[in-house]
Amino acid sequence: MRSEAVLLRRTPDGLLLLTERSDAPVVLRGTGALTWELLSRPSTLEELAEVLEAAHDVDREQVVADLRPFLETLREAGALELTS
Amino acid sequence: MSIGHRDTLRALTAYGLSGSLTRLPEGSLDDDAWTVLVTHAVREGLQGQLAWAAANGDLHVTAAQREHAVDLHDTAMAACLRLEGLLLEALGALRSADVPVRVLKGSALAHTAYGDASLRVFRDIDLLVRAEDRHGVIAALRRVGLRILVPTGHGDDYSPSRMAILRRTDGLTVDLHTKIAPSRFGSSLTTDVLFDSDTRYLLSGREVPILTPEQQLIHACFGALSGPRPRWVSLRDIAQLILNTEMDHKSALDEARRGATTPAVARAIRLTWREFELADRVPLSEWSMRDDTDGDAQRLSATSGAVAGRPNDRTGWWGTLRRLGRATLTTGVRKR
């Protein structure tokens, strides 16, 4: 789920996020911005992958392979929190 | 700037403002016109309007111009986010030091008066503090890396209410203010009353103390009129505050009267409605059209031989407004 401690701005091509742990904003465009929108409610990796697979008509395994490092980057930046 | 460029900038400032009859140019912009527009838009802090208008197709631009506009906006938004990061640090330090503070202008307006914070660009953080808390404020802000850039007590023609400017090594700046209405306007608005309310907004999950919408309006009106010419972004702030917040118009007027600020507030609101060609009539805009204090100021300027529109000429329009401000205090008190 999204961390509450995120500073955010919309831009025409996506989103900018800044957290306490990062010096520079993270830029999210396209699928990255869509994934962030999907995370407005707590979601599992599989749930996210299912929506993105349908939206982009790509193989589920590929979606999951791309999603894992993306979500990890957001987590390390403090923008996401893992819940049980 | 030519009249054509001015009209374009005026329409750009009003972009996305409900009820505005201003129109962006229908034709495409050649390189020279684009350069002029971009230069003025950046100077006025209108990167949000420029980027969204270009991206939405409401400003007819080439792909390269669209990309340029979006890049400028990204850069401006990144700076705003970094400033908000500093703001949260500064508020934490001031809270720990038990120093009362109110956040003014940029971030506060972006999140409370604008439906989309990406439309409001700001270049620094503005904080209102009590003059007597000076030492505590400076000490607390030192703990988050801020150092005095311009010594305490500095004031210039446009910012006489400024206590100090502080800067961090990364270039981020905080302006400390002790007033929202310069006394040269004849204002008797005291700072203490601005700390009475408990208005807040949430930023990154934390509460940020700000002025009430009515007090923000008065501040924006002075912001609009405090330079050598009206500031476009402040006029937009005024429109946003009046049209997009839960402002109590009667309370706003009472607040303006209490602080003897009605001439400036009426003039700024009238200017906003005229420049943005706002179709919506609301109580404050109606009042500003009826209020004749500015008309009196112009007539007095004419009879004294002063040049209207030279705000630094204290014997002219500026000084007249100041005198009228004092006169209005009497009127306001009598009416109440």
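Scope of this entry: the structure provided in the associated data block. (Residues numbered from 1 in each chain as written. Chains lettered and ligands numbered in written order. Predicted model: local features only at pLDDT ≥ 70, side-chain atom pairs only at ≥ 80, totals over all residues. Heavy atoms only, no water.)

**Looking at the packing of helix 1 (residues 30-38) of chain A against helix 3 (residues 60-77) of chain A**
When two helices pack together, their arrangement is given by the angle between the helix axes and by the axis-to-axis distance. Residues and elements named next belong to chain A. Worth spelling out the cut-off: Fitted lines through C-alpha atoms give the axes, limited to the stretch in contact for helices. The angle between two N-to-C directions lies from 0 to 180 degrees. Each helix is a run of DSSP H or I of at least 4 residues and each strand a run of E of at least 2, with the numbering of both proceeding from the N terminus. Angle categories: roughly parallel below 35 degrees, roughly antiparallel above 145, roughly perpendicular from 65 to 115, and oblique for all the rest. Helix crossings get a hand from a simple test, with the near helix turned counterclockwise from the far one by less than a right angle marking a left-handed crossing and a clockwise turn marking a right-handed one. By definition, residues are in contact when any of their heavy atoms lie within 4.5 Å. Only Asp, Glu, Lys and Arg are considered charged, only Ala, Val, Leu, Ile, Met, Phe, Trp, Tyr, Cys and Pro nonpolar, and every remaining residue, Gly among them, polar.
With their axes 12 Å apart at the nearest point, helix 1 and helix 3 run at an angle of 65° to one another. One element, helix 1, and the other, helix 3, form an angle in the roughly perpendicular class. Relative to helix 3, helix 1 is oriented so that their crossing is right-handed. Contact residues: Gly32, Thr35 and Trp36 in helix 1; Leu67, Phe70, Leu71 and Leu74 in helix 3. Grouping the constituent residues of the contact of helix 1 with helix 3 by class yields five nonpolar, two polar and no charged.

**Things to note about the side chain of Thr272 of chain B**
All names here are of chain B. Put simply, the test is: Only protein chains enter the accessibility calculation, which uses a 1.4 Å probe; a residue is then buried when its area is under 20% of its type maximum, exposed when over 50%, and partly exposed in between.
Mapping Thr272 onto the fold places it in helix 10 (residues 262-275). The exposure class assigned to Thr272 is buried, which follows from its relative accessible area of 0%. Discounting residues that sit within four places of it in the chain, Thr272 has contacts with Leu235, Ile238, Ala239 and Leu278.

**Focus on the sheet that holds strand 3 (residues 26-29) of chain A**
All names here are of chain A. Spelled out, the test is: Any two strands with at least two DSSP bridges between them are considered paired.
Sheet architecture is open: three strands sit in the order 1-2-3, paired in antiparallel fashion. With one partner strand each, in any of the chains shown, strand 1 (6-11) and strand 3 form the two edges of the open sheet. Each strand axis lies, on average, 20° off the axis of its neighbour in the sheet, ignoring direction. Note: strand 2 (residues 14-19) against strand 3, four bridges, orientation antiparallel. Looking across to strand 3, one finds that Gly14 is bridged to Arg29. Strand contacts of helix 1: strand 1, strand 2 and strand 3, with the helix running at about 95° to strand 3, the strand carrying the most contacts.

**Digging into empty space enclosed by the protein**
All names here are of chain B. The test is simple: Points on a 1 Å grid over protein atoms alone make up a cavity when a 1.4 Å probe fits among them but cannot get out, and a pocket when they form an open set with protein on both sides within 12 Å along at least five of seven lines; lining residues each have an atom within 4 Å of a point. Grid points are joined across faces, edges and corners, and a volume is the space filled by probe spheres set on the points.
For the structure shown, the criterion picks out two cavities of 30 Å³ or more. At four residues, the largest contribution of residues to the lining of the largest cavity is made by helix 7 (residues 213-225). Across the lining of the largest cavity, the residue classes break down as four nonpolar, four polar and four charged.

**Re helix 1 of chain A**
Residues and elements named next belong to chain A. Applied cut-off: Picture the helix axis, draw a direction to every C-beta atom, and the arc is the one those directions span.
The complete set of buried residues in helix 1 reads Gly32, Ala33, Thr35 and Trp36. All buried residues of helix 1 lie within an arc of 160° about the axis, which places them on one face of the element. On its buried side, helix 1 packs onto strand 1, strand 2, strand 3, helix 2 (45-56) and helix 3.

**Here's the deal with unusual backbone geometry**
Within the chain, Asp57 of chain A stands out as a residue other than glycine whose phi angle is a positive 55°. Within the secondary structure, Asp57 of chain A sits in the loop between helix 2 and helix 3. With phi around 60°, Asp98 of chain B is a residue other than glycine that occupies positive phi space. Tracing the backbone through its elements, the reader meets Asp98 of chain B in the loop between helix 4 (63-96) and strand 1 (102-104).

**Notes on the environment of Ala220 of chain B**
Residue and element names in this part refer to chain B. Its location among the elements puts Ala220 in helix 7. C-alpha of Ala220 to C-alpha of Leu241: the two residues are 21 residues apart in sequence and 8.9 Å apart in space. When residues no more than four places from it in sequence are discounted, the contact partners of Ala220 are Ser234, Asp237, Ile238 and Leu241.

**A closer look at helix 7 of chain B**
Stated formally: To estimate the expected span of a helix, count its residues, drop one, and scale the result by 1.5 Å.
An ideal rise of 1.5 Å per residue puts 18 Å on 13 residues; helix 7 of chain B measures up with 18 Å between its terminal C-alpha atoms. The element helix 7 of chain B is extensively covered by neighbouring structure, given that 11 of its 13 residues are classed as buried.

**Some thoughts on the packing of helix 1 of chain A against helix 2 of chain A**
All names here are of chain A. It is at 11 Å that the axes of helix 1 and helix 2 come closest, and there the two elements cross at 135°. The pairing of helix 1 with helix 2 is recorded here as oblique in orientation. Between helix 1 and helix 2 lies a crossing of right-handed hand. Taking contact as the criterion, the partners of Thr31, Leu34, Thr35 and Leu38 in helix 1 are, on helix 2, Leu48, Val51, Leu52, Ala55 and His56. Taken together, the residues that form the contact of helix 1 with helix 2 break down as six nonpolar, three polar and no charged.

**Overview of the interface of chain B and chain A**
For clarity, the threshold we go by: Summed over both partners, the accessible area (1.4 Å probe) lost when two parts come together is defined as the buried area. Note on definitions: salt bridges are taken to be side-chain nitrogens of Lys or Arg within 4 Å of carboxyl oxygens of Asp or Glu. Whenever a nitrogen or oxygen atom comes within 3.5 Å of another N or O atom, the pair is scored as a polar contact, on the condition that within protein one atom can donate a hydrogen and the other can accept it, and that pairs from neighbouring residues in sequence are kept only if both atoms are in side chains.
Between chain B and chain A, the contact holds 25 residues from the first and 17 residues from the second. Taken together, the two surfaces of chain B and chain A that pack against each other cover about 1,600 Å², and 60% of this comes from carbon and sulfur. Our count for the contact surface shared by chain B and chain A stands at five salt bridges. The closest approach of N and O atoms between Asp74 of chain B and Arg29 of chain A, which form a salt bridge, is 2.5 Å. Between chain B and chain A we count six residue pairs in polar contact (both at pLDDT 80 or more) in total. Of all the secondary-structure elements, those providing two or more residues to the side of chain B that touches chain A are helix 3 (47-55), helix 4 and helix 5 (106-112) of chain B. No other element matches helix 4 of chain B, which puts 12 residues into the side of chain B that touches chain A. When the residues that make up the side of chain B that touches chain A are grouped by side-chain class, the tally is 13 nonpolar, six polar and six charged.

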